[in-house]
Amino acid sequence: MSPTEDLPPAEGRTPAEPGTAEEEPSAVLPAVAPQLRALRRRASLTLEAAARAAGLSPAHLSRLETGQRQPSLPMLLALARIYDTTVSELLGETVAERDAVVRAADMEPTRAGGWTYWPAGAAGRGMQALRVHVPYGAQGDIVRVHPGEEWLYVLKGRLRLRLGDAAHVLAPGDSAHFDSLTPHRLAADGREGAELLFVHTLLQSPSAALCLGPLTGETS
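Below is a short write-up of the structure. (Residues numbered from 1 in each chain as written. Predicted model: local features only at pLDDT ≥ 70, side-chain atom pairs only at ≥ 80, totals over all residues. Heavy atoms only, no water.)

### So, the sheet that holds strand 8 (residues 184-188)
Taken in spatial order, the three strands make up an open sheet running 6-5-8, and their pairing is antiparallel. At either margin of the open sheet sits one strand with a lone partner, and together these are strand 6 (166-170) and strand 8. Ignoring strand direction, the axes of neighbouring strands in this sheet form an average angle of 15°. (Pairing = 2+ DSSP bridges. Helix = DSSP H or I, 4+ residues; strand = E, 2+ residues; numbered from the N terminus. Axes fitted to C-alpha atoms, helices over the stretch in contact; angles between N-to-C directions.)

Okay, here's the thing in structure tokens:
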């Protein structure tokens, strides 16, 4: 076991990881902390290895695993790929059967890092579908770079999408499909926020290098 494996909770308030939009401990994501630790161990990753792959410090990941901090949506997506799982499993949600149909009444909203999102597909698939509400000003300065593909479709509001050096404003009905290795950034273009359908591929190797962030707001 590594020296920082399963660090005990730190006393007092610890400063946030640079550039993160983390939340105070709350009941928003009650199942995340134990799931994060269990899935990391299932993937046979040390705290240091998992933190490095996610662009976090071991201490920061330890605080997520002990429930002292709540992860943002980009963190959840990154950790899901690293642990070869889905955001639904990270949240402790289980699906008895892989039904082809997902009913609106069964889509429970989850809030993390200022975003609100609903599962729009079944867990355990080769890609993950979400309905996402992006509030104005939330994580708009975070540049994401990671393997895979993304597809999004704007339902409401206007979305600012930056792909590499190109900037786009997407209105309702507009969509985008791009390689996730292209540095990209999402932000709402109006104070009412933006709502979109979001589909991304899932990596099949927990050891694959991934940076959904990075959480410092810089590309890597």
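### Comments concerning the packing of aromatic side chains
Under the defined criterion, the tally for this structure stands at one aromatic pair. Taking the centre distance of 6.2 Å and the plane angle of 20° together, the rings of tryptophan 151 and tyrosine 153 count as stacked. With relative accessibility at 30%, the residue tryptophan 151 sits in the partly exposed group. (Phe/Tyr/Trp six-rings, centres within 6.5 Å; stacked < 30°, edge-to-face > 60°. Buried < 20%, exposed > 50% of the residue type's maximum accessible area, 1.4 Å probe, protein only.)

### Focus: the nonpolar core
Ranked by internal contacts, the top residues of the largest apolar core, which has 42 residues, are Leu61, Tyr83, Tyr117, Val132 and Leu152. For this core, the leading source of residues is helix 4 (residues 73-82), giving seven residues. Leave out the neighbours within four places in its chain, and valine 132 touches Leu73, Trp115, Thr116, Tyr117, Trp118, Ala194, Glu195, Leu196 and Phe198. (Core = buried A, V, L, I, M, F, W, Y, C linked by side-chain atoms within 4.5 Å. Contact = heavy atoms within 4.5 Å.)

Keep in mind these numbers describe shape, not what the thing actually does.
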